[in-house]
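What follows is each chain in one-letter form.
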Amino acid sequence: MSVPVKNTLLFALVGGLILLTGFMQSWNSALLIMNMGLVSAVMAIGVNLQWGFAGLFNVGVMGFVALGGLAVVLVSTDVRPEAWADGGWGIVLALLLGAATVIAAVYVSRRVPKGMARTVAMLAVLIGGFFVYRAVLDPNVSAVEALNPAAAGNIGGLGLPVLLAWPAGALLAAGAAWLIGKTALGLRSDYLAIATLGIAEIIIAVLKNEDWLARGVKNVIGLPRPVPYEIDLQGDPAFVERAAGVGLDPVTASTLYVKVGYSILFLIVLLVLLWMAQMALKSPWGRMMRAIRDNEVAAEAMGKDVTRRHLQVFVLGSAVCGIAGAMMTTLDGQLTPGSYQPLRFTFLVWVMVIVGGSGNNFGAVLGAMLIWFLWVQVEPIGLWLMQVITSGMAEDNALRLHLIDSAAHMRLLTMGVILLLVLRFSPRGLIPEK
Amino acid sequence: MDFLNALVALSNFVLVPGIAYGSQLALGALGVTLIYGILRFSNFAHGDTMAFGAMVAVLVTWWMQGIGIGLGPLPTALLALPFAILGCMALLLVTDRLVYRFYREQKAKPVILVIVSMGVMFIMNGLVRFIIGPDDQRFSDGERFIISARDFKEMTGLDEGLTIKTTQGITVIVAVIAVALLFWFLNKTRTGKSMRAYSDNEDLALLSGINPERVVMYTWLIVAALATTAGVLYGLDKSFKPFVYFQLLLPIFASAIVGGLGSPLGAIAGGFIIAFSEVTITYAWKKVLEYIGAEPSGLVQLLSTDYKFAVSFVILLIVLLFRPTGLFRGKSV
């Protein structure tokens, strides 16, 4: 079997699985799986840029995804002039002061000769700057958070169309990635892993606790959508008529219509990114990246600036994760910082990339769709399996009840087993790198 | 008198919790650093190994409480600890046999081993949730306090009380014993010396006839003991919740790196540095400052406690920027 035929068959298999869900369960759940699968595919392309192209180990995907979500709130929610008047500008000033402190500290460390004087000067700058920053920040934050805390209490957004938030998410994520890359790249490979793990936790902590930014754990709900609302469609006589023409009741038809709308939007983004990633892979730049990945010393001897290239690809990959995060928050219509779990948003994406085939963009997309399908379906399958295994036991048998209760945790177990099996027996993944 | 009050308040809210937390982190970081030194990868499954060990301890403790075995004023979990260590050892040896050995024979790159440990993390996490569920479990019993705030106030006549929880006392004692045993083992026994030799220079150690599989097996056994002890102590002190152990990964790695990966002494120092920075930076200093004469307007809390991970992270970054090998000059490959 030739390679293109095999790959087509693999994609057809995943498509078939989703179709099967449509026939067996409902078209709504099939489309749900498909939409999140497409978002996951974008994340997988981002991780593949970093790991597959350049061998960078980023375990902070969750943080960049969450920044994308934050971008949706900051770009698309309504403008709140009263919040800006009360303290918004003060907060911006405080953040600028904080940034100035860090820049001043870096300047001191570059200019003052090494020794006691430098340490003292840096500490003085940092501690003094911190207190000034807090002195400006705190009253303004309280002012903003005091404004209508039940419904808002944050600085609001820019009131722009929600689609603009997707590139904005990429920019936010890229900024964070640049900061991290600047410090952790060029050191041992594990250090980048731990630094990204840390930054992801901190981003989530900021989102949870800074109520002025995006309401923290009070969540932002009812974000604007790029597609029409179901209620409006159901109230539209033309739509109801068309739905009746296909033989669907208006409620089902409207939910399907909205989901297909998202699918089309996501598919466009995915295809554009996939095309770009493919072009990058084939370009001299992509060859250079792979050369660096395979032998850093040789690439450096050829005059390539390894750390700089790493920083470049790290920022690009994180930006793609940011787009995916913005897409996901748009799909959900809400930002819930409490729901970001590293196992779900970082490590699952890694399973997708490795199962699909690291270094191959199509592999990453395939892996994302397949693993997302499994992630959703393992739970009902596990439950069913447990019921079959325990069907011989009495109804109130403690073991039986425990097993059925725990079936929900089968997911993590299954993902771990899949990851280990692929790494062991097919380390190049389903669609290997050429 | 005010100075004494300030000192007591400081001990109560900063020193005592800091020492207990530091001991727990140090035990965790020792495990990470040993694996790094001998097996040469960063083990992402370490937090979940701790969770697994602690889970076995919780189950054995419940069983012992059920049939009425106890230690009186001390928590029953101390009796369960050896069983939990055995359980964790079995798990790690099986994992090594089924998973890691293959890659060792292949001489896989460290980063592949890190990804493999990610898979192991998934499985262990799933296993723990599968067996005991994702919820909070309490398993500490016995006397709650060594000194309670009220007794202390009556004893000394100070305004401030000093509370030392039994679990905090036990944490420190057990950690000291564990660390003493570990250093005795590494420095005095033949196996320990061969482990250090293997960590320093693998080729030379192999040439002098050290059996690598034996060294690796002992490493896993020691790591199981350390991880379980750390997990049980943390669980006793706070409470047992599987997800929290996963989150401990960050401060534990920070401790190991700040001390210098591969250096046991560094891991202990790193654990205390991280713990004390977390506690001092997230503590509201108002009370202590008032006793020594200052009149602060706010709470004088540098960062809210929700950002305690940020503290370990910032320290990690500073060390990475200025001294990437860590304070005790660990490996820098």
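Right, let's walk through the structure included here. The shown structure was predicted, so the numbers you read here are calculated from the model rather than taken from an experiment.

**Focus on the overall build of chain B**
So, point 1. When helices and strands are counted, chain B shows 13 helices and two strands.
So, point 2. At 21 Å, chain B has a C-alpha radius of gyration in line with the 20 Å of a compact globule built from 333 residues.
So, point 3. On the principal axes, the C-alpha backbone points of chain B span a range of 65 × 55 × 35 Å.
So, point 4. Long-range contacts, defined as pairs at least 24 residues apart, comprise 73% of the intrachain contacts of chain B with a sequence gap of at least 6.

**Comments concerning the nonpolar core**
So, point 1. In terms of nonpolar packing, the biggest core is built from 231 residues, with Phe-57, Val-59, Tyr-340, Phe-347 and Trp-350 of chain A together with Phe-44 and Phe-240 of chain B touching the most fellow members.
So, point 2. Sequence-distant contacts of Phe-57 of chain A, that is, excluding residues within four places in its chain, are made with Leu-192, Ala-193, Thr-196 and Trp-350 of chain A together with Phe-44, Val-111, Val-114, Ile-115 and Met-118 of chain B.

**Section: the packing of aromatic side chains**
So, point 1. Inspection of every chain in the model, using the stated rule, returns 25 aromatic pairs over all chains.
So, point 2. Taking the centre distance of 6.3 Å and the plane angle of 70 degrees together, the rings of Trp-51 of chain A and Phe-57 of chain A count as edge-to-face. Neither Trp-51 of chain A nor Phe-57 of chain A differs from the other in exposure class; each is buried.
So, point 3. Ring pairs connect the aromatic residues Trp-51, Phe-57 and Trp-350 of chain A together with Phe-44 and Phe-253 of chain B, which therefore count as one cluster.
So, point 4. The residue whose ring lies beneath Arg-344 of chain A is Phe-345 of chain A, and the NZ or CZ to ring-centre distance is 4.1 Å.
So, point 5. A cation over a ring is seen here: Arg-424 of chain A above Phe-102 of chain B, with NZ or CZ 4.0 Å from the ring centre.

**Structural notes on unusual backbone geometry**
So, point 1. Its identity as a non-glycine residue notwithstanding, Asn-219 of chain A has a phi of 65 degrees, on the positive side.
So, point 2. Here Asn-219 of chain A lies in the loop between helix 8 (211–214) and helix 9 (230–235).
So, point 3. For Arg-40 of chain B, which is not a glycine, the phi torsion comes out positive at approximately 65 degrees.
So, point 4. Following the sequence through the fold, Arg-40 of chain B ends up in the loop between helix 1 (2–39) and helix 2 (46–67).

**A look at the environment of Asp-294 of chain A**
So, point 1. The residue Asp-294 of chain A is located in helix 12 (residues 284–294) in this model.
So, point 2. Measuring from C-alpha to C-alpha, the distance between Asp-294 of chain A and Ile-91 of chain A comes to 46 Å, with 203 residues separating the pair along the chain.

**Focus on the pattern of salt bridges**
All names here are of chain A.
So, point 1. In total, this model carries 14 salt bridges over all chains according to the counting rule given.
So, point 2. Of the charged contacts, one joins Glu-82 and Arg-80 as a salt bridge, the two residues approaching to 3.4 Å between their closest N and O atoms.
So, point 3. Linked by salt bridges that have partners in common, Arg-293, Asp-294 and Glu-433 make up one network.

**Description of a nonpolar patch on the surface**
So, point 1. On the surface, Val-260, Ile-264, Ile-268, Val-272, Trp-275, Met-276 and Met-279 of chain A cluster together into a nonpolar patch covering about 670 Å² of accessible area.
So, point 2. Position of Val-272 of chain A relative to the elements: it lies in helix 11 (residues 250–282).

What counts as what
Residues numbered from 1 in each chain as written. Chains lettered and ligands numbered in written order. Predicted model: local features only at pLDDT ≥ 70, side-chain atom pairs only at ≥ 80, totals over all residues. Heavy atoms only, no water. Helix = DSSP H or I, 4+ residues; strand = E, 2+ residues; numbered from the N terminus. Rg over C-alpha atoms; globule rule 2.2 N^0.38 Å. Contact = heavy atoms within 4.5 Å. Core = buried A, V, L, I, M, F, W, Y, C linked by side-chain atoms within 4.5 Å. Buried < 20%, exposed > 50% of the residue type's maximum accessible area, 1.4 Å probe, protein only. Phe/Tyr/Trp six-rings, centres within 6.5 Å; stacked < 30°, edge-to-face > 60°. Lys NZ or Arg CZ within 6 Å of the ring centre and 35° of its normal. Salt bridge = Lys/Arg side-chain N within 4 Å of Asp/Glu carboxyl O. Patch = residues over 30% accessible without salt bridge, like charges linked within 9 Å, V, L, I, M, F, W, Y side chains within 5 Å. Areas by Shrake-Rupley, 256 points an atom, 1.4 Å probe, with all protein chains shown as cover.

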